[in-house]
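One-letter residues, chain by chain:
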Protein chains: 2
Amino acid sequence: MAERLIVVGGDAAGMAAASQARRRRDGSDLEIVAFDRGHFTSYSACGIPYWISGVVTDRDDLIARDPATFREKFDIDVRLRHEVTRIDLERRTVHARNLDTGAEVREPFDQLVYATGAVPIMPDWADTDAQGVFGVQTLDDGSALRDWLDREPRPCRAVVVGGGYIGVEMAEAMLRRGLSVTLVEQAQQPMSTVDPDMAALVADAMRNLGIDVRTGVAVTGLETGDGRIRGVLTTGGRVPADVVVLGLGVRPNTALATDAGLPLGPTGGIRVDLRMRVVDTPGVWAAGDCVETVHRVSGQPAHVPLGTHANKQGRVAGINLGGGYATFPGVVGTAVTKVCDLEVARTGLRERDASRAGFEFVSAVVESTNRAGYFPGAETMTVKLIAERPSGRLLGAQIVGRSEAAKRIDPLAVALWNNMTVDDMTALDLGYAPPYAPVWDPVLIAARKAADALRAQ
Amino acid sequence: MAERLIVVGGDAAGMAAASQARRRRDGSDLEIVAFDRGHFTSYSACGIPYWISGVVTDRDDLIARDPATFREKFDIDVRLRHEVTRIDLERRTVHARNLDTGAEVREPFDQLVYATGAVPIMPDWADTDAQGVFGVQTLDDGSALRDWLDREPRPCRAVVVGGGYIGVEMAEAMLRRGLSVTLVEQAQQPMSTVDPDMAALVADAMRNLGIDVRTGVAVTGLETGDGRIRGVLTTGGRVPADVVVLGLGVRPNTALATDAGLPLGPTGGIRVDLRMRVVDTPGVWAAGDCVETVHRVSGQPAHVPLGTHANKQGRVAGINLGGGYATFPGVVGTAVTKVCDLEVARTGLRERDASRAGFEFVSAVVESTNRAGYFPGAETMTVKLIAERPSGRLLGAQIVGRSEAAKRIDPLAVALWNNMTVDDMTALDLGYAPPYAPVWDPVLIAARKAADALRAQ
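Residues numbered from 1 in each chain as written. Chains lettered and ligands numbered in written order. Predicted model: local features only at pLDDT ≥ 70, side-chain atom pairs only at ≥ 80, totals over all residues. Heavy atoms only, no water.

Per an unreviewed UniProt entry, chain A carries the name FAD-dependent oxidoreductase and comes from Micromonospora echinofusca. Under the heading Sequence similarities (unreviewed entry), UniProt records this for chain A: "Belongs to the class-III pyridine nucleotide-disulfide oxidoreductase family." (UniProt positions renumbered as here; feature names shortened; annotations may be inferred.)

Take a look at the structure:
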């Protein structure tokens, strides 16, 4: 008789696991049922800001594979609008509710993949019945926001709360749609995913784009009227608003996991081993934004909710479920984003992370160009490296620039992955031609400066 | 008394060595004289095609530092239009001729940097008194070609001989200037710096641009008349031409070195150690396109004439000359170029190199996109990986694509530098956001396919 796999959560991680398992085990060997409470499977959550802005025109473009494809091509029984309400590990049963009909179902399992993703952090003040306050965690969230933006009277004034990735991307999206945009950030700067000196470049660029960036300001409440949002109350005064977008970050979605007794780590994510098995829980796997992984540079547990990790982790779980062998060896903290034409990238540890992890280090910041300085279209690129002292081992890197800056983080991410020293990095054989780099690539110039800084110590 | 350093060749390698030495030793400790037979110092030879095309408007933009800067800021006695005619190692003397006055000078040295670069390969048929045949090795060569293109009657028909980097870049340059362009290549394909399957993509793109690409055709002679070039005679017939550009590659410029008894390696380049000291020749250093280096993947000697290596090697020589410590640990064969908007990149070994070096290997080719497939501006990118069998160690990589493809070779070059296996590479934490990559970066997809190919063996 076939084993039975239940997948809780039908987005990137869950469906990657399901499809990989299916590639290795056919329906006679493994029956697969996947539940998701939303209307969609396997979509690009990272693409939502670009669909809201109108850069991506069709919502369906964000969907990598729809339920019909999973059913027909992968023989996976996808059940949308089904909210899993309980996982009973003892009886090996999942309880779910059909959100359209209210019907309750119970399904037995032999293997379970927990892939519920993350939930947005919602402060108390955001709990309102008034219309016009949105998260952008799911495609359902994004659809609700787009409906609101298209509805008469059309919102003109947007307030984005939180200046992380989602915050800056949504500020861009609102700007592109023609709204006036205020970004409210509690810290001294938005984009705290990079060090303050690099974040200052981002804040300047955002202000130059016409975004009203208010930092060091906390939201205290919402002003509503006639059932609609009217403004945001902050420690720096009232900001009028027709739409409020929440970008305060996310936390692992572990409500069901906690009830079922799955082990959580210090970051609040589910603890898994290298093969994405939930620790001490036979037959249960977890992947994606709900799990905790290891940061390869600090050696500490980390929760890094990103589609690229979710896909990799899901694939690893699925290969192992299918009888193969694969591991997810952790992350180095690479991330890229942009605000209009300003590109921002990071990998590894920021200065504050390096200190917290116990490293001594030096930092080096250089300004160079993406192309040969004399080549048309050459634009400034700022590269920051952080290196352990005295070993010279690279600990982190950050880049802020215009075109062709973001993906320059990749060679640095690979150098970090391989524990290279900045001294070794000065010799790296990177691609050179005038349309693509100065004869000394900005990455090499930064490595030289970091190596000099180490010697000067 | 101060030591005396003579630099033979005032371009990238020589002047990088001179300036680094100067940074560490002032004029009272080290006197520096640099000879160059041309009119320029420290210019970007790789930029010449873009100045000829008109993309770079001002020739002086290609010059990183002029002689006045070297004299005033670095206290380096630069003597242009001086051709060194002999290096006497026993008497520690350099003989040079002033090409403008004919005067002969002799200068003593304690230390010598040999940085004469490379000379273009000139077949017998190219030896002509007729006007209109050009190499593009030096800025003087490029200036002569530009003068010819601007002179009446304006040339309309260009023939580029040789389909390597210079050949394809010059074909683009001629096209941009409005000439009709024929590229003649003796091999079955242009761009043999990548494997034939990848080169075919380049040849197709060149033909679509309107370049008449003739392969498997050898040049047998030139047709001249009234002292001008009229056509190129080939094994495939006569090609009319008002201008002929030679792009047949270069070889190390070692005439003086041979006379002086400096040791050459199997590639014809000067043999140096890790610190850029000429082997068995105390007080003599060499750097740039005239030296032989080691290919870190094959372990074999290699001659890779590229401005980026010349700069690094010159810097290493200069640091060591100045009393510091630096090494040049070899190359992995990274190179990037473009033909109009088609970008081409490689690193490591091609299939034929891998075979010659004795490796068994598998290859994997994938087609993906530079951005998320749904993101506007997403364009096809083809990535090829070559991996040792059965170890899985990456041996080489090639990329052909449109925008933002070329520098994607950098993470692969760093992976190669660190002897990563394609299996390890599938887990790399590369930058992901929809404007910059699909959720599975093309590099990761290629690594997965190569890992699968290894398992299938």
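Chemist: How do you make sense of the side chain of D195 of chain B when you look at a structure like this?
Modeler: Residues and elements named next belong to chain B. On the secondary structure map, D195 appears in the loop between β11 (180-185) and α6 (196-208). Classification of D195 as buried rests on a relative accessible area of 1%. Polar side-chain contacts of D195 include one of 2.9 Å to the backbone nitrogen of E351. Non-local contacts of D195, meaning those with residues more than four positions away in its chain, are made with R350, E351, R352, K384, I386 and Q398. (Helix = DSSP H or I, 4+ residues; strand = E, 2+ residues; numbered from the N terminus. Buried < 20%, exposed > 50% of the residue type's maximum accessible area, 1.4 Å probe, protein only. Polar contact = N/O pair within 3.5 Å; in protein donor to acceptor, adjacent residues only side chain to side chain. Contact = heavy atoms within 4.5 Å.)

Chemist: Sorry, what's going on with the UniProt feature "domain: Pyridine nucleotide-disulphide oxidoreductase dimerisation" (unreviewed entry) in chain A here?
Modeler: Sites flagged by UniProt as "domain: Pyridine nucleotide-disulphide oxidoreductase dimerisation" (unreviewed entry) map to residues 336-438 of chain A. Counting secondary structure, residues 336-438 of chain A comes out at 19% helix and 36% strand; the distance between its end C-alpha atoms is 22 Å.

Chemist: I tried to follow the UniProt feature "domain: FAD/NAD(P)-binding" (unreviewed entry) in chain A on my own but got confused; where do I start?
Modeler: Per the UniProt entry, the sites bearing "domain: FAD/NAD(P)-binding" (unreviewed entry) are residues 4-298 of chain A in this numbering. The span residues 4-298 of chain A is 24% helix and 31% strand, and its two end C-alpha atoms sit 38 Å from each other.

Chemist: Mind showing me how you'd approach the relation of the copies chain B and chain A here?
Modeler: To go from the first copy of the chain to the second, apply a rotation about an axis and then a shift along the same axis. Overlay of chain B on chain A (RMSD 0.0 Å): rotation 180°, translation along the axis 0.0 Å. Here the two chains are linked by the operation of a two-fold rotation axis. Ranked by how close their C-alpha atoms come to the rotation axis, the residues of chain B are headed by P411 of chain B, at 2.0 Å. Taken as a fraction of all interface residues of chain B, those also at the interface in chain A reach 100%, which identifies the copy contact as same-surface. (Least-squares fit on C-alpha atoms with pLDDT ≥ 70 in both.)

Chemist: I would appreciate a short explanation of unusual backbone geometry in the present structure.
Modeler: Most peptide bonds take the trans configuration, and most residues that are not glycine carry a negative phi. With an omega of -5°, the peptide bond running from E152 of chain A to P153 of chain A counts as cis. Position of P153 of chain A relative to the elements: it lies in the loop between α4 (139-150) and β10 (157-161). In the Ramachandran plot, C340 of chain B falls in the positive-phi region, its phi being about 50° despite a non-glycine side chain. Inspection of the secondary structure assignment puts C340 of chain B in the loop between β21 (335-339) and β22 (342-348).

Chemist: Explain the pattern of salt bridges here, please?
Modeler: Two side chains of opposite charge can pair, provided their charged atoms sit close to one another. All names here are of chain A. Overall, the coordinates contain 70 salt bridges over all chains when judged by the stated rule. The partner of R22 in a salt bridge is D75, with the nearest N and O atoms 4.0 Å apart. Pair noted here: R22 is in helix α1 (residues 12-24) and D75 is in the loop between α3 (67-74) and β3 (76-79), with a separation of 53 residues, a long-range link. The buried category is assigned to R22, whose relative accessible area is 10%. One connected set of salt bridges, linked through shared partners, spans R4, E31, D77, R79 and E107. (Salt bridge = Lys/Arg side-chain N within 4 Å of Asp/Glu carboxyl O.)

Chemist: Help me understand the packing of aromatic side chains, please; the structure alone is not making it clear to me.
Modeler: The description of two aromatic rings rests on the distance between their centres and on the angle between their planes. Counted by the stated rule, this structure contains eight aromatic pairs over all chains. Between F375 of chain A and Y50 of chain B, the ring centres sit 5.1 Å apart and the planes meet at 80°, which makes this aromatic pair edge-to-face. Taken together, the residues span two chains, with F375 of chain A in the loop between β24 (361-369) and β25 (380-388) and Y50 of chain B in helix α2 (residues 48-53). For F375 of chain A, a relative accessible area of 7% puts it in the buried group. (Phe/Tyr/Trp six-rings, centres within 6.5 Å; stacked < 30°, edge-to-face > 60°.)

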